[in-house]
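Close look at the chain arrangement
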Amino acid sequence: MKHIEQHLVCGGQQTVFSHYSETLACEMKCAVFVPAHADNVRLPVIYWLSGLTCTEQNFITKSGAQRYAAEHGVIIVAPDTSPRGDQVADDPAYDLGQGAGFYVNATQAPWSEHYRMYDYIVSELPNLIEQNFPASAQRSIMGHSMGGHGALVIALKNPGRYKAVSAFAPIVAPSQVAWGEKAFGAYLGSDREMWKNYDATALLQASTERLPILIDQGGGDDFLKTQLKPEILAVEAERCGYPLELRIQSGYDHSYYFISTFIGDHIARHAAAFTR
């Protein structure tokens, strides 16, 4: 691990480090906030997954999450959104390639060599965090947009691994919207049945755990009706009896102004789940 940045904020340490990822076969960056804590105390961890075009920087500089993490005594880990580097496959568009990993394990060339963000988030990154920071094995996960999709899918596919899950403006049914169809077609191939392995709506019914989902969605979000469509998940949750709280926040858009307004409530809920 190589430390790139370190800042004192809200009494804790906001660091950014890089490391070589065996899973992704490239160098990766990740941001970690550790609140002030007593020696020999290990703290629960919230994993934050960011959206399209983002890096590890967006969340730590725009969300204001550190003050709430410090208040509740939790670590927040915010990784980059995709593999990076000159040797990593890319695409000129913003919604495919670097910055748009979609938190899947790609099966199609040229993406399959590096684009294994699902395994990286589920396995490699937590192992690294728990070995190098005062992190306990208590984890939760949340994210925004593409990262909200990732958080929901990862929680649903790994029962018992996370204490809580929530999302801001997630892509809830990527198999049914243009962003997801483009990414899944490239990363996973043309078999739409395979896509269901990374589609939160498709995963609800078969879930063996009923971990409550909290979603905040801006009512003024430009992507609400075309790419996000939270009503698709809400209908499926109602049909199969899955606990979902969907809050449409009137007037809010897709930006970090929206996230910063409600991030305190999300962190408080995750912290409460750690104590139950």
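Let us look at the structure shown here.

So, how was this worked out
- Positions within a chain are numbered from 1, following the residues in the order the chain's sequence is written.
- Local features in a predicted model are, by the rule used here, given only for residues with pLDDT of at least 70; side-chain atom pairs are given and counted only at 80 or more, and totals for whole chains, interfaces and linings are based on all residues.
- Hydrogens are left out, water is left out, and the side-chain values use all remaining heavy atoms of the structure.
- Helix and strand labels come from DSSP, where a helix needs a run of H or I of at least four residues and a strand needs a run of E of at least two; each type is numbered from the N terminus.
- Each radius of gyration is computed over the set of C-alpha atoms, and the globule rule expresses the reference value as 2.2 Å times the number of residues to the power 0.38.
- Exposure is judged per residue with a 1.4 Å probe applied to protein chains only, and the accessible area is read against the type maximum: over 50% gives exposed, under 20% gives buried, and values in between give partly exposed.
- Contacts: residue pairs with any heavy atoms within 4.5 Å of one another.
- Note that accessible areas follow from Shrake-Rupley with a 1.4 Å probe, and for residues the cover is restricted to the protein chains shown.
- His residues and chain termini do not enter the charge count, which takes Lys and Arg as positive and Asp and Glu as negative.
- For the purpose of locating charges, the reference atoms are NZ of Lys, CZ of Arg, CG of Asp and CD of Glu.
- The axes used here are C-alpha line fits, helices contributing only the stretch in contact, and every angle between their N-to-C directions lies in the interval 0 to 180 degrees.
- An angle below 35 degrees is read as roughly parallel, one above 145 as roughly antiparallel, one from 65 to 115 as roughly perpendicular, and any other as oblique.
- The hand of a helix crossing depends on one turn: near helix anticlockwise from the far one by less than a right angle means left-handed, and clockwise means right-handed.
- Residues are sorted three ways: Asp, Glu, Lys and Arg are charged, Ala, Val, Leu, Ile, Met, Phe, Trp, Tyr, Cys and Pro are nonpolar, and all the rest, Gly among them, are polar.
- At every residue, the bend is computed as the angle between two fitted axes, covering the seven residues ending there and the seven beginning there respectively.
- The method works on a 1 Å grid over the protein atoms by themselves. A cavity is a set of points holding a 1.4 Å probe that cannot get out, a pocket is an open set with protein on both sides within 12 Å along at least five of seven lines, and residues with an atom within 4 Å of a point line them.
- Grid points are joined across faces, edges and corners, and a volume is the space filled by probe spheres set on the points.

**Some words on the overall build of the protein chain**
- Of the regular secondary structure elements, the protein chain holds 10 helices and nine strands.
- On C-alpha atoms alone, the protein chain measures out to a radius of gyration of 17 Å, which is about the 19 Å that the 2.2 N^0.38 rule sets for 276 residues.
- Residue burial in the protein chain is summarised as follows: out of 276 residues, 57% are buried.
- A fraction of 71% describes how many contacts in the protein chain between residues 6 or more apart in sequence connect residues 24 or more apart.
- In the structure as shown, the protein chain presents an accessible area of about 11,100 Å², 49% of it carried by carbon and sulfur atoms.
- Put simply, the protein chain has 21 plus and 29 minus side-chain charges, and the middle of one group is 4 Å from the middle of the other.

**Examining the packing of helix H2 (residues 65-72) against helix H10 (residues 256-275)**
- Their axes nearest at 9 Å, the elements H2 and H10 cross at an angle of 25 degrees. In terms of their interaxial angle, H2 and H10 are classed as roughly parallel. Remark: the crossing between H2 and H10 carries right-handed chirality. Within the contact between the two elements, H2 uses Ala65, Tyr68, Ala69 and His72 and H10 uses Ile263, Gly264, Ile267, Ala268 and Ala271.
- Here the residues of the contact of H2 with H10 sort into seven nonpolar, two polar and no charged.

**Some points on helix H3 (residues 117-132)**
- Maximal helix bending in H3 amounts to about 35 degrees, located at Glu124; proline Pro126 follows within four positions.
- Three or more residues of H3 are buried, namely Met117, Tyr118, Tyr120, Ile121, Val122, Glu124, Leu125, Pro126, Leu128, Ile129 and Glu130.
- Lining the buried residues of H3 we find strand E2 (12-21), strand E3 (26-34), strand E4 (43-49), strand E5 (75-79), strand E6 (135-144) and helix H4 (146-157).

**Comments concerning empty space enclosed by the protein**
- Summed over the entire model, instances satisfying the criterion amount to one cavity of 30 Å³ or more.
- Taken as a whole, the largest cavity holds about 40 Å³ of empty space.
- If you trace the largest cavity, you find it lined by Gln14, Ala31, Phe33, Phe59, Ile60, Ala65, Gln66, Ile76, Val77 and Ala78.
- Of all the secondary structure elements, the ones that give two or more residues to the lining of the largest cavity are E3, helix H1 (57-62), H2 and E5.

**Comments concerning the side chain of His149**
- Structurally, the position occupied by His149 is in helix H4.
- Apart from the residues within four sequence positions on either side, His149 is in contact with Phe102, Pro170, Ile171, Pro174, Phe184 and Tyr198.

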